[in-house]
Amino acid sequence: MNEITPQHEQMSQFSQEDNQLLVGGFNLNAISQLLDKRVFYAYDRQIIQQQVARFRQHIPGRIKLHYAVKANPYWPVVQFLKPLVDGFDVASQQEMLLAMQSGMPVSDISFAGPGKGDAELLSAIVAGVTLNVESAGELARICKLSQVAGQKPQVALRVNPAFELKASGMKMAGGAKPFGIDEEQVLQLLPAIADMPVKLRGFHIYCGSQNLKAEALIDAYQHTFALAAKLVAACPYRPDMINLGGGFGIPYFTGERRLDLAPVGESLASLLQQYQAELADIELVIELGRYLVAEAGVYACQVLDKKVSRGTTYLVCNGGLHHHLANSGNFGQVIRKNYPVAIGNKLTAAEQELVTIVGPLCTPLDILADKKLLPKAEVGDWVVVYQSGAYGPTASPQQFLGHPEVVEVLL
Ligand SMILES: Cc1ncc(COP(=O)(O)O)c(C=O)c1O
């Protein structure tokens with residue numbers, strides 16, 4: 001909680017000019033003028049493109065890349081990613097409409113998530129979007145709705161495997177989970193699927209999220225391929241698609257290392273060889289959210305007030321938890337750690353100061369950075385939170401206390 005992290009993490013993905021951070025070639029004052037706002041998220045399209053290129057460089061071309069829209073559903077980001085990826089994964093009807101509006105073919109859109117309502121299911125069936133089925137009950141509802149739709153639903157069974165993705169920030173498989181159908185139940189259910197009014201496209205095996213350990217991903221993919229082969233063999237007819245999951249993480253905190261994709265790619269290449277016969281002609285997909293967009297985004301707000309309370313210097317800003325819940329430590333962190341932050345218009349300075357940066361909300365939870373040594377900042381300076389391109393505005397309680405909503409821009 002009270003760790004003193006190194007003074008300024010120069011995030012190498014961004015360039016700078018005159019000691020100022022540049023996003024898409026613009027400094028923060030220029031972006032502020034462009035938007036006529038003093039608090040915003042800015043995303044750098046070149047960095048998104050680089051992340052996609054990194055994936056393509058290391059992961060065998062046989063494996064398709066889908067973007068999980070939930071990570072950042074900002075429309076220009078979705079539009080920008082459309083030609084760069086091979087499909088979209090969505091988690092609601094609203095996200096599904098975004099994906100369709102982008103022009104992504106419906107056969108390359110999948111819809112996952114427990115607790116889909118009948119209206120959502122029906123709209124996906126009518127649209128021809130693939131439903132990742134999360135339970136036997138949901139499958140029964142889909143079968144019923146197929147009569148209303150007059151159309152065969154395209155489905156993939158989301159499998160909750162017996163194994164887990166070790167060292168993940170969030171685990172979505174292994175043990176009891178609300179996501180997917182337990183592996184052993186899927187095997188029991190498969191013989192009956194031939195008589196159901198659905199087209200079984202394949203399987204969705206998603207184990208977890210935010211993983212920085214290549215060995216853990218390799219281990220999970222070994223299990224995933226073995227399970228996929230077992231499921232394909234048990235299918236009454238040949239499926240055409242298997243979603244192998246994702247979970248590639250990005251470094252958020254001091255001491256975290258960037259995920260090394262090279263060994264993951266090598267291992268996937270040898271698994272493709274090993275399971276060549278079993279998985280021939282089946283489309284294989286990896287679905288990623290934050291890996292593609294998180295590093296491309298910054299959250300920027302301005303210092304409104306500077307005060308000292310019993311020895312602690314506070315920078316009080318016009319932005320905080322209501323715009324960026326994850327940075328406040330309240331979106332899945334057990335112990336709050338600082339995201340990398342900087343003074344965006346004074347990236348380095350001879351004079352440093354230990355500060356705690358807070359937002360405008362009347363709650364001690366509204367912390368932007370706790371006890372950071374940063375270039376000495378004054379009222380009007382820009383506080384920048386890096387690694388903020390995923391799970392930002394849409395994962396934050398923007399209505400809380402009624403402050404203005406944050407704006408976004410893709411540069
Ligand atoms: C099914 C599914 N796909 C993709 C994702 C995206 O995860 P990430 O942004 O960590 O890649 C999640 C995260 O919750 C998920 O549940």
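As recorded in an unreviewed UniProt entry, the chain goes by Pyridoxal-dependent decarboxylase, exosortase A system-associated and comes from Alishewanella tabrizica. The record held by UniProt for the chain lists under Sequence similarities (unreviewed entry) the comment "Belongs to the Orn/Lys/Arg decarboxylase class-II family." In its Cofactor (unreviewed entry) section, the UniProt entry covering the chain states "pyridoxal 5'-phosphate".

As for the side chain of glutamine 13
Here glutamine 13 shows up in the segment before β1 (15–17). At a separation of 2.9 Å, a polar atom in the side chain of glutamine 13 contacts the side chain of glutamine 387. Sequence-distant contacts of glutamine 13, that is, excluding residues within four places in its chain, are made with Ile47, Glu295 and Gln387.

Describing empty space enclosed by the protein
Counted by the stated rule, this structure contains four cavities of 30 Å³ or more. Space inside the largest cavity adds up to approximately 80 Å³. Looking at the largest cavity, the residues that line it are His66, Ser107, Asp108, Ile109, Ser110, Thr130, Asn132, Arg201, Met241, Asn243, Glu283 and Val285. Of the residues belonging to the lining of the largest cavity, the class tally is three nonpolar, six polar and three charged.

Observations regarding the sheet that holds strand β2 (residues 20–23)
Within a beta sheet, neighbouring strands are joined by backbone hydrogen bonds and run either parallel or antiparallel to one another. Strands sit in the order β1-β2-β3 across an open sheet of three strands; the sheet is antiparallel. Of all the strands in the sheet, just β1 and β3 (26–27) have a single pairing partner and so form its edges. Sheet analysis places β1 next to β2, joined by three bridges and oriented antiparallel. Bridging from a neighbouring strand, glutamine 16 pairs with leucine 21 of β2.

Concerning the site of the ligand
In the vicinity of the ligand, 14 residues are found, and the nearest of them are Ser209, Glu287, Gly289, Arg290 and Tyr391. One nitrogen or oxygen atom from the side chain of serine 209 is found 2.4 Å from an oxygen atom belonging to the ligand. When the ligand is considered free in solution it has 400 Å² of accessible area, and contact with the protein chains removes 92% of it. Of the residues contributing to the shell around the ligand, the split by class is five nonpolar, four polar and five charged.

Some thoughts on the environment of aspartate 370
Along the chain, aspartate 370 falls in strand β20 (residues 367–375). With a relative accessible area of 8%, aspartate 370 lands in the buried category. Taking the C-alpha atoms as reference, aspartate 370 lies 9.1 Å from arginine 336; in sequence the two are 34 residues apart. Within polar-contact distance, the side chain of aspartate 370 engages the side chain of threonine 356 at 3.3 Å.

Brief notes about the packing of helix α5 (residues 118–127) against helix α6 (residues 136–149)
Where α5 meets α6, the axes come as close as 10 Å, and the angle between the chain directions of the two elements is 60°. As the angle between them shows, α5 and α6 are arranged oblique. As for how α5 packs across α6, the hand of that crossing is right-handed. Across the interface between the two elements, Asp118, Leu121, Leu122, Ile125 and Val126 of α5 pack against Glu138, Arg141, Ile142, Leu145, Ser146, Val148 and Ala149 of α6. Its residues placed into classes, the contact of α5 with α6 shows eight nonpolar, one polar and three charged.

Focus on the domain arrangement of the chain
We note that the domain assignment places domain 1 (15–44 + 295–410) and domain 2 (73–288) within the chain. Each of domain 1 and domain 2 has a C-alpha centre, and these two points are 35 Å apart. On the side of domain 2, 10 residues touch domain 1, which itself brings 12 residues to the contact. Counting each side, the surface lost to burial between domain 1 and domain 2 is near 1100 Å², with a carbon and sulfur contribution of 63%. Area buried by domain 1 at its contact with domain 2 is led by Glu295, Gln387 and Leu410, which between them contribute 42% of it. There are one salt bridge connecting domain 1 and domain 2. Glutamate 295 is the partner of arginine 258 in a salt bridge, and the nearest nitrogen-oxygen pair spans 2.7 Å. In this assembly, domain 1 and domain 2 are joined by three residue pairs in polar contact (both at pLDDT 80 or more).

Side note on unusual backbone geometry
The phi angle of most residues is negative, glycine excepted, and most peptide bonds adopt the trans form. Positioned with a positive phi, glutamine 387 is a non-glycine residue whose angle comes to about 55°. As for its placement among the helices and strands, glutamine 387 is situated in the loop between β21 (382–385) and β22 (407–410). For glutamine 387, a relative accessible area of 1% translates into the label buried. The phi angle at leucine 401 is positive, at roughly 70°, despite the residue not being glycine. Here leucine 401 is to be found in the loop between β21 and β22. Leucine 401 sits in the partly exposed class, given a relative accessible area of 46%.

Concerning the pattern of salt bridges
Counted according to the given criterion, the structure contains 12 salt bridges. Where arginine 56 meets aspartate 86, a salt bridge forms, and the shortest distance between an N and an O atom there is 3.0 Å. With a gap of 30 residues between them, arginine 56 in helix α2 (residues 45–58) and aspartate 86 in the loop between α3 (75–81) and β6 (87–90) connect regions that are remote in the sequence. With a relative accessible area of 23%, aspartate 86 lands in the partly exposed category. Note that arginine 158 and glutamate 134 form a salt bridge whose closest N and O atoms lie 3.1 Å from each other. Residue arginine 158 is found in strand β9 (residues 154–160), and its partner glutamate 134 is found in the loop between β8 (130–133) and α6; the two are separated by 24 residues along the sequence.

Observations regarding the packing of α2 against helix α9 (residues 261–274)
To characterise two packed helices, one gives the angle between the axes of the helices and the distance between these axes. Where α2 contacts α9, the two axes come as close as 8 Å, and the packing angle between them is 40°. Taken together, the axis directions place α2 and α9 in an arrangement best described as oblique. Seen from α2, the contacting residues are Arg54, Phe55 and His58; seen from α9, they are Leu261, Ala262 and Gly265. Here the residues of the contact of α2 with α9 sort into three nonpolar, two polar and one charged.

What counts and what doesn't
- All residue numbers refer to position in the chain's written sequence, counted from 1.
- It should be noted that, the model being predicted, local features are given only for residues of pLDDT at least 70 and side-chain atom pairs only at 80 or more, the latter also being counted only at that level, while totals for whole chains, interfaces and linings use all residues.
- Calculated side-chain values reflect all of the structure's heavy atoms, with hydrogen atoms and water omitted.
- UniProt positions are given in the numbering used here, feature names are shortened, and annotations may be inferred rather than shown by experiment.
- Numbering goes from the N terminus for both helices and strands, where a helix is a DSSP run of H or I of at least four residues and a strand is a run of E of at least two.
- Think of a polar contact as two N or O atoms within 3.5 Å of one another; within protein, one of them needs to be a possible hydrogen donor and the other a possible acceptor, and neighboring residues in sequence only count if both atoms come from side chains.
- Two residues qualify as a contact provided that any one of their heavy atoms is within 4.5 Å of a heavy atom in the partner residue.
- In this analysis a 1.4 Å probe is tested at points of a 1 Å grid over the protein atoms alone, and where it fits but cannot get out there is a cavity; an open set with protein on both sides within 12 Å along at least five of seven lines is a pocket; lining residues have an atom within 4 Å of a point.
- Grid points are joined across faces, edges and corners, and a volume is the space filled by probe spheres set on the points.
- Ten residue types, Ala, Val, Leu, Ile, Met, Phe, Trp, Tyr, Cys and Pro, are classed as nonpolar, four, Asp, Glu, Lys and Arg, as charged, and the remainder, Gly among them, as polar.
- Strand pairing follows a simple DSSP-based rule, namely that at least 2 bridges must link the two strands.
- If a single non-hydrogen atom of a residue is within 4 Å of a molecule or strand, that residue counts as near it.
- Surface accessibility in these figures is a Shrake-Rupley result with a 1.4 Å probe; residues are shielded only by whichever protein chains are displayed.
- Accessible area is worked out with a 1.4 Å probe on protein chains only. A residue is then buried under 20% of its type maximum, exposed over 50%, and partly exposed in between.
- Each axis is a line fitted through C-alpha atoms, and for a helix only the stretch in contact is used; angles between axes span 0 to 180 degrees, taken between their N-to-C directions.
- Roughly parallel here means an angle under 35 degrees, roughly antiparallel means over 145, roughly perpendicular means 65 to 115, and every remaining angle is called oblique.
- The sense of a crossing depends on the near helix, which, turned anticlockwise from the far helix by less than a right angle, makes the crossing left-handed and, turned clockwise, makes it right-handed.
- In this entry, domain limits derive from an automatic or database-based domain assignment.
- When two components associate, each loses some accessible surface as probed by a 1.4 Å sphere; the sum of these losses over both components is called the buried area.
- Whenever Lys or Arg places a side-chain nitrogen within 4 Å of a carboxyl oxygen from Asp or Glu, that contact is recorded as a salt bridge.

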